[in-house]
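Below, each chain spelled out in residue letters.
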Amino acid sequence: MRSRRVLEFAKNGKRVGISLFVFFVCVAASVLYLGGYFESVPDLGDAKWHDATLPTETRIDDLLAHMTLTEKIAQMALVEKNSVTAATIAESGLGGVLSGAGAKPPVNTAVGWAAMVAGFQAEARTSRLGIPLLYGVDAVHGHALVPGATIFPHQIGLGASGDGALVERVAAATAADIRTTGVNWNYAPNLDLPQDIRWGRMYEAFSDDTNLVSRLGAAYVRGLQSSSSFGHIPVLASLKHYVGLGAMQWGTSQNKNFQIDQATTPVDLRALRDEYLPPFAAAIDAGALSVMVGLNTWDGKRLVTNRALITDELKTNLQFKGFVVSDWYGVYEGRQNLFGATVEAVNAGVDMVMLPFDYKNFVRNVTLANRLGLVSTERIDDAVRRILRAKFALGLFDTAPAAIDSQLVHHDALARQSVAQSLVLLKNENHTLPITPAVRHIRVAGSAADNVGLQSGAWTVEWQGVEGNWLPHGTSILAGIKNRTPKNSFIEFNASGIFATNSEADLGIAVVGETPYAEGWGDRAYPILSDADLAAIKSLHITCKRVVVIIVSGRPLLIANEVASWDALVAAWLPGTAGGGVADVLFGDTPFTGTLPLPWPRTSEQLPITYEGKTADGTEVLFPRYSGLAY
Ligand code: BGC
């Protein structure tokens, strides 16, 4: 009896042991399955996507059919270059790499950039499928992260020119420089329509007028993507930021460091459709194949999770066939649950995620989501198809990698013309301008007079810009004035405007303005001139017969209390490296043709100002949109 019990006990124990074993095997198998293991890897023997004679969509179908789930998801990842090494690119098969916030190669020259990008591309080509990378930069006013590149006026200045043909040429010149460094994707043009000068990104936009932005945005896309001799687009444009960022409300930012950047857009769908979507529609018609979703919130939802706007409006209604990329950490900003955030964004229609750091976790999360049925395989295929469409359009599968010994071309004449066309004359009394030969003695003052870094603004070498005159190939506004001043004239410079007072100069030129800022770091409750610049203007008044004030800034500044005492006023925006263009117009060699691309408010109580020009407090602005004098 006893021995039977012992036998049964032993049998039962064995059964429990087997059950436990089976249970653990099942758990392990599920974990491995959910984690994306057990993938069958398609054979590449019959691959056709390399055949350039086949229609693009056929090539994409073929490539998709040869990809594993992991390879597809990796294509959806966009990683910052310092978060990945060249060596890991091949093993991960990533979709794209970017230089965010001014991340540069160890040697910051055109050749240094080309070598860095070529290294990443070479590695990508050794992955199982050899899919080339997208490499993105913010060349938002020329390829300005590279010292020595021509820096054009920031977009607000191009908006003041109102000249679509000029914008197209500027974008084409920028594309040539970008391609020289092997980069193939530019996070431009900016299609925001800013209504509030307190926002630190106003200068990145052309205007607050939807018609002007539609025209110039489409021109920029044409210039950047104009066909090369091989019939491929040289550089992929990215329309940003989708959508409605210009209407964001002061004080509602999601980011505790900011006030209006990354804030809430309190407009209805009708206003979005009437004002904010048309520039995207126009740029998509012009061939844009990527759109960047902004960090704002609309209708109680962060844009990046808004399926109605991303999938229904953009992809279905506007028939956008390219891919949607999220902004820097945009999917995760303020989120604890990274898995949930990823699922929500991908299902909303985001195709490529600017992670920009942890791509391994991203691949794991999307794989798990797919295995659990939370993100469908169709959605993943659609995202990858859109990304590959852009890569094929760039000719990345069909062209040899760029040479790495090319030099940047200097687009001096074009840059100088752009500067001249971007200037807006807002006041001109007592025939102060143009400067005639009778003006023999000029005094120049102000913080922005002799500072190429400052006149270039942010996104110049560094995210937040640089200061000083060390940028190769740059001409300060002062240098431009000196170069143009006749030999028999006398020109003096002192930034603070302090000069010997025993003689009165014919003219004082105060070149004043803002120091560079990018994104929310430029949010300001009261955008005004500095005390030092105001003092410099006052000092000039003491020692000069007349004073012209040139404002170098990313936005209209609050000057209503001071402007009455100035004889002339010029808005110069952020002109870039061709400071000589300012002298061209001051001396009358080129006429003033620029007009204000957005209204210039009198007080902060007027903000924001609507598209129709209505101020918040119902009072009149200082200068309405499209103001601009001529001579
Ligand atoms: C900005 C984008 C930019 C991206 C990549 C973000 O912080 O909002 O405009 O393209 O960074 O640098």
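Look up a bit, the structure's there.
Residues numbered from 1 in each chain as written. Predicted model: local features only at pLDDT ≥ 70, side-chain atom pairs only at ≥ 80, totals over all residues. Heavy atoms only, no water.

In this section: the overall build of the chain. Broken down by element type, the chain carries 19 helices and 17 strands. Against the 2.2 N^0.38 benchmark of 25 Å for 631 residues, the chain shows a C-alpha radius of gyration of 28 Å, consistent with a compact globule. Dimensions of the chain along its principal axes, counting C-alpha atoms only, are 125 × 50 × 45 Å. Scored against the burial criterion, the 631 residues of the chain give a buried share of 59%. (Helix = DSSP H or I, 4+ residues; strand = E, 2+ residues; numbered from the N terminus. Rg over C-alpha atoms; globule rule 2.2 N^0.38 Å. Buried < 20%, exposed > 50% of the residue type's maximum accessible area, 1.4 Å probe, protein only.)

Attention now goes to the site of the ligand. The environment of the ligand is formed by Leu98, Gly100, Asp138, Tyr187, Arg201, Lys240, His241, Met292, Asp327, Trp328 and Glu519. In the environment of the ligand, an oxygen atom lies 2.5 Å from a nitrogen or oxygen atom belonging to the side chain of Asp138. Here an oxygen atom of the ligand and a side-chain polar atom of Arg201 are 2.7 Å apart. Within the complex, the protein chains bury 96% of what would otherwise be the 310 Å² of accessible surface of the ligand. For the shell around the ligand, the residue count by class is four nonpolar, two polar and five charged. (Near = heavy atom within 4 Å. Polar contact = N/O pair within 3.5 Å; in protein donor to acceptor, adjacent residues only side chain to side chain. Areas by Shrake-Rupley, 256 points an atom, 1.4 Å probe, with all protein chains shown as cover. Nonpolar A, V, L, I, M, F, W, Y, C, P; charged D, E, K, R; others polar.)

The next thing to look at is the nonpolar core. Formed by 189 residues in total, the largest nonpolar core has its most connected members in Phe362, Leu388, Ile509, Ile559, Leu586 and Trp600. Residues within four places of Ile509 in sequence aside, it is in contact with Ile435, Ile442, Arg443, Val444, Ala445, Ile481, Leu540, Val548, Ile550 and Leu586. (Core = buried A, V, L, I, M, F, W, Y, C linked by side-chain atoms within 4.5 Å. Contact = heavy atoms within 4.5 Å.)

Right, let's get into the environment of Asp285. One can find Asp285 in helix α10 (residues 278-285). Of the residues examined, Asp285 reaches a relative accessible area of 71% and is grouped as exposed. Linking Asp285 and Leu158, residues 127 residues apart in sequence, is a C-alpha distance of 21 Å.

Let us now look at the pairing of strand β10 (residues 323-326). Covered by surrounding structure in β10 are Phe323 and Val325 together with Val324 and Ser326, the residues of both alternating faces. Two elements, strand β7 (residues 290-293) and β10, share four bridges in a ladder whose sense is parallel. Each bridged residue has a counterpart across the sheet, and for Val293 the counterpart in β10 is Ser326. (Pairing = 2+ DSSP bridges.)

Moving on to unusual backbone geometry. Of note, the bond from Ala188 into Pro189 is cis; its omega dihedral lies within 30 degrees of zero at 5°. Here Pro189 lies in the loop between β4 (185-186) and α8 (210-225). Cis geometry marks the peptide bond from Lys240 to His241, where omega comes out at -5°. Relative to the helices and strands, His241 resides in strand β6 (residues 239-242).

Their axes nearest at 5 Å, the elements helix α9 (residues 269-276) and α10 cross at an angle of 45°. Comparing their axes, α10 and α9 come out oblique. Of the residues in α10, those in contact with Leu272, Arg273, Asp274, Glu275 and Tyr276 of α9 are Pro278, Pro279 and Phe280. (Axes fitted to C-alpha atoms, helices over the stretch in contact; angles between N-to-C directions. Parallel < 35°, antiparallel > 145°, perpendicular 65-115°, else oblique.)

Residue placement: Gln606 occurs in the segment after α19 (580-586). A distance of 2.7 Å separates a polar side-chain atom of Gln606 from the backbone oxygen of Glu620. Sequence-distant contacts of Gln606, defined by excluding residues within four places in its chain, comprise Pro601, Thr615, Ala616, Asp617, Thr619, Glu620 and Val621.

This brings us to the packing of aromatic side chains. The tally for this structure, following the rule as stated, stands at 13 aromatic pairs. Here the aromatic rings of Tyr242 and Phe280 are separated by 5.2 Å at their centres, their planes lie at 85°, and the arrangement is edge-to-face. Here Tyr242, found in strand β6, pairs with Phe280, found in helix α10; they are 38 residues apart in sequence, far enough to count as distant. On the basis of an interplanar angle of 20° and a centroid distance of 4.2 Å, the ring pair of Phe392 and Phe397 is categorised as stacked. Joined through ring pairs, the aromatic side chains of Trp328, Tyr329, Tyr332 and Phe357 make up one cluster. (Phe/Tyr/Trp six-rings, centres within 6.5 Å; stacked < 30°, edge-to-face > 60°.)

A word on the sheet that holds strand β16 (residues 544-552). By way of backbone hydrogen bonds, the strands of a sheet pair with one another, either parallel or antiparallel. What the six strands build is an open sheet, ordered β12-β17-β16-β15-β13-β14; its pairing is mixed. This sheet does not close on itself; its edge strands, each paired only once, are β12 (424-428) and β14 (490-493). Pairwise comparison of adjacent strand axes, ignoring direction, gives a mean angle of 15° for this sheet. Where β12 meets strand β17 (residues 568-571), four bridges bridge the pair, whose relative direction is antiparallel. Residue pairing in the sheet places Val424 in a bridge with Ala571 of β17.

Let us look at the pairing of β17. Residues Ala568 and Val570 line one face of β17 and the alternating positions Leu569 and Ala571 line the opposite face, and both faces are buried. When β16 meets β17, the two strands line up parallel, connected through four bridges. Bridging across to β17, Val548 finds its partner in Ala568.

Turning our attention to the pattern of salt bridges. What the rule picks out here adds up to 25 salt bridges. One salt bridge connects Asp274 with Arg270, and the closest N-O pair in it is separated by 3.7 Å. Taken together, the residues Asp274 and Arg270, both in helix α9 and four residues apart, mark about one turn of the helix. You can call Asp274 partly exposed: its relative accessible area is 45%. Taken together, the salt bridges that share partners define one network made up of Lys315, Asp351, Arg379, Asp382 and Arg386. (Salt bridge = Lys/Arg side-chain N within 4 Å of Asp/Glu carboxyl O.)

The next thing to look at is the environment of Gly581. Residue position: Gly581 is located in helix α19. Sequence separation of Gly581 and Ser422 is 159 residues, and the distance between their C-alpha atoms is 9.3 Å. Those residues in contact with Gly581, other than ones at most four positions away along the chain, are Arg416, Val419, Ala420 and Leu423.

You can see Thr174 is positioned in helix α7 (residues 164-180). Dropping the residues within four chain positions of it, Thr174 is found in contact with Ala139, Gly142, His143, Phe152, Asn186 and Tyr220.

Moving on: the sheet that holds β10. Taken in spatial order, the three strands make up an open sheet running β6-β7-β10, and their pairing is parallel. The sheet is open, and its two borders are formed by β6 and β10, each paired with just one other strand. Sheet twist, expressed as the average angle between the axes of neighbouring strands with direction ignored, equals 30°. Most of the contacts of helix α11 (residues 307-317) go to β6, to which it runs at about 140°, and overall it touches β6, β7 and β10.

The subject of this paragraph is α8. With 16 residues, α8 should reach 22 Å at 1.5 Å per residue; the first-to-last C-alpha distance of 22 Å fits that figure. Of all 16 residues making up α8, 13 are buried, and the element is well covered by its neighbours. The distance from a side-chain oxygen at the start of α8 to the backbone nitrogen of Asn211 is 2.9 Å, and the residue carrying that oxygen is Asp209. (Expected span 1.5 Å × (residues − 1).)

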